[in-house]
Amino acid sequence: MQKPRWKTVGGTLLRVTAVWAVSTLTMLALAGILPDFRLKSGDGDTATQIAITAASGAGAFGVLSALVWPLLVRALLLMPALVLGLLVFVLNGSMLLIALSVNPDGRGAAEPETAVVVAAVMSAASSATSTFLTVRDDDAYRRRLARLAVRRRRRLGEDGGSDEPPGTVFLQLDGVGHAVLREALRERENRPPVMPTVAGWLQSTHKVTPWRTDWSSQTGASQLGILHGSNEDVPAFRWYEKKTGEVMVSNRPTSAAVLQRRAAARAGHDGLLTVDGASRGNLFTGGADQLALVLSVAARRGKHNRSRSGYFAYFADPANATRTAVSFLAEVVREICQSTRAKLRRETPRVKRGGLYPFIRAFATVVERDVVVTAVMGDILSGRTAIYADLVAYDEVAHHSGPRSRDARQVLARLDRSIALIAKVAEHAPRDYRIVLLSDHGQSPGETFAGAYGLRLEDLVRAGCGLPVSRRAGRTSSGAEAREAGRAALHRPEKPVVDGDGRCGVREASAEVGRRCGGPAAPADVVAADGAGDTAVSDPIVLASGNLGLISFPDVPGRMSREQIDARHPALLRALADHPGVGFVLVRSEAHGAVVLGADGAEHRLDTGEVVGVSPLTVFGPGAESAVRRTAHFRNTPDIMVNSAYDPARGTVHAFEEQIGSHGGLGGEQGHPFLLWPAELTPPVAAGEELVGAERVHQVLRRWLEEADGPQVPEEEAAAAPVEAAAADAPAVEASAAQAPAGAEVPAEPRSTKTSDAARTTQDSRWDGAPAVPFTVVSRVVPNKTR
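Residues numbered from 1 in each chain as written. Predicted model: local features only at pLDDT ≥ 70, side-chain atom pairs only at ≥ 80, totals over all residues. Heavy atoms only, no water.

Draft legend 1. Layout of the sheet that holds strand β10 (residues 433–438). Reading across from one edge, β4-β25-β10-β3-β9-β7-β8 is the order of the 7 strands in this open sheet, with mixed pairing throughout. Edge strands, defined here as strands with exactly one partner in the open sheet, are β4 (206–210) and β8 (290–292). Neighbour-to-neighbour, the strand axes of this sheet turn through a mean angle of 15 degrees, independent of strand direction. For strand β3 (residues 167–173) and β10, the ladder comprises 6 bridges, and the chain directions are parallel. Paired with Gly-167 across the strands is Tyr-433, a residue of β10. Against the sheet, helix α15 (residues 406–426) engages β3, β9 (386–391) and β10, with an angle of about 165 degrees to β10. (Pairing = 2+ DSSP bridges. Helix = DSSP H or I, 4+ residues; strand = E, 2+ residues; numbered from the N terminus. Axes fitted to C-alpha atoms, helices over the stretch in contact; angles between N-to-C directions. Contact = heavy atoms within 4.5 Å.)

Here you go:
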């Protein structure tokens, strides 16, 4: 039964009064505690006058927070998120000083630094009081949700009927592997599960299954495939593109925009969220119109496309801003304490966690989480059809603390509370919602490559090429042996010396040839083998993506073959393949195609299936061969790819980055994320079948949306996207061909005029012209405007 209007208004006034009273009492208490904060004039005041001063100051502060704060947040949206979070305290303190200045007779004063503390405590107290009263009053909560739904329906001219199909919320728990999830859902030593909400779902309404990633087990490749249906030509998290001479990084806004455009061209549509969708906290849009914290549009400056636009809705509420700012600082302190404890206990493996990392962790685990969760709840209350959000907190902490560390479990517990909050809000939404949980990859533990062997991958590569390496790497057996082998293979006798900068240098018996990028050039006869005796030789570019290494020689157009690499650096491939920290090396052979090299001369020729010795891929389990073969034929695959060693007994790998929980290559749990779905939906795959690849996951999610009469891809959009993307790529291809040196290999466009633009774009992505897996485009349906 609906309450009379006077009761509704009366209840609201009582809540406002209660919050005002709590703020007043808080101000009085702080005035008695803090020496630099007073609420009386210099001549002294009675208790009544002091109370009136506190009440007026609290009231003025509340009004300023409600009216001025949203304008300040909107004006500061262009500032970096971390800076904006720290400015919360300064702005709150400034508003408190203004509120105190309106008091008559000079009553009320505070030092600026004290005002910051008082404002923070008052905002936290008022927020806690308001939240408590709202939670206690279920009717008020329901009325608020109903008002939001009614306003939206009125604005869109909808009748608000109950025949709307259910919406779907996809929550990506970044980096949570299937095994880690299973452990978090079990009771441990008579203690409740780490994630009780999800555990309850699995026992009643949901099912879970693992799925297997591509070779590149990282968010860039997985999320691109999940949201846009294609992750072709994404060999790693970062890689060097010889065509443009640039390093592509998946979480760099400009690179993410390019990857999204390419994926849309190959898939033939804009993405999973094309119709009435929302993308929150992701690398890519998925074709959604509603965006917040999406990196692929972060470089744009349109009204609705800035990645920071999602901050306004959240930080417009000063209570939200204060609560998040306080939690941010608490997380920074928590990280400092946890890293100090790990150091004192001499925990191993361990990486450095100082510098800016505590603030980066706090941003991922607090600020981004709060903003994304709030945006998702707003989407649910608005009745949006498809919502995809990425929660990155666990992934960030597990990288530095370990996938199964106490720190990581605490993050999982907080993520479970966020999931429970979203599920609670969904109960009050104007339509039913199905919540799907999934992850993009897992994480594999292990000591870093540098920590285990005393040198970085770059040092090993430079040593194998006969180039100078750091003093520390030069002293290690693996670095010294590889370097000596390289010098001997190049017939370059040396006398070791130490340069002034601490790098191991050489005195050559013969003159050196000019070089670029600061590294010594190969002898003239080696350079001549590549085509031109007077051509300068650049240093190799070595990049890391978890336990996956990528090596490119930028001065050689196109992908170098095994034969070319051996001619230039005879010891390099064997130095890499025989290193105990390397599992296998991928190269392209002119004679055998894609070839995987292992220790002791082992080879696996992927295109022919021939194996010499024991295949280096055997230890990585089923599916490794197909995953590596697929990546081997990408056009952007570097000259050499290196996957670290994997210990199946311990499940450990060696990251080429400073991470003790890593992902990006093959080996262990990093390649086995999870998919948890409501049992009412059809199973992802048939019984006994394995779900493999992010592109396959995209098809599953699309099917689930179709089962609820969800978003479809219009035919004209599917036809137009490849044409526009191919046209956009044309100038870059022409420019690349024009700038290429004589004799360079420039992939030719297919000559058949009957080949579609979509097929041409896909075919052009592979160095050998092998076709990609076809993608089925769903026929057009009329969008349901009631969504």
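From this point on, the discussion continues.
Draft legend 2. Structural context of the environment of Leu-34. Considering the arrangement of structural elements, one finds Leu-34 in the loop between α1 (5–33) and β1 (37–38). Each C-alpha atom of the pair Leu-34 and Val-118 lies 9.0 Å from the other, and the pair is 84 residues apart in sequence. In this structure, Leu-34 is in contact with Thr-114 and Val-118, ignoring residues within four places of it in sequence.

Draft legend 3. Geometry of the packing of aromatic side chains. Evaluation of the coordinates by the stated rule reveals 8 aromatic pairs. Ring centres 5.4 Å apart and planes at 50 degrees place the aromatic pair Phe-449 and Tyr-453 in the tilted group. In this pair, Phe-449 and Tyr-453 both sit in helix α16 (residues 449–453), 4 residues apart, roughly one turn of the helix. For Tyr-453, a relative accessible area of 23% translates into the label partly exposed. By the ring-pair criterion, three or more aromatic residues cluster together here, those being Trp-215, Phe-584, Phe-620 and Tyr-646. (Phe/Tyr/Trp six-rings, centres within 6.5 Å; stacked < 30°, edge-to-face > 60°. Buried < 20%, exposed > 50% of the residue type's maximum accessible area, 1.4 Å probe, protein only.)

Draft legend 4. Structural view of unusual backbone geometry. A cis amide bond links Thr-348 to the next residue, Pro-349, at an omega of -5 degrees. Note that Pro-349 resides in the loop between α12 (318–344) and α13 (357–381). Within the chain, Leu-293 stands out as a residue other than glycine whose phi angle is a positive 55 degrees. With respect to the helices, strands and loops of the structure, Leu-293 is situated in the loop between β8 and α11 (309–315). The residue Asp-600 is not glycine, and still its phi comes out positive at about 60 degrees. Within the fold, Asp-600 resides in the loop between β18 (593–597) and β19 (603–605).

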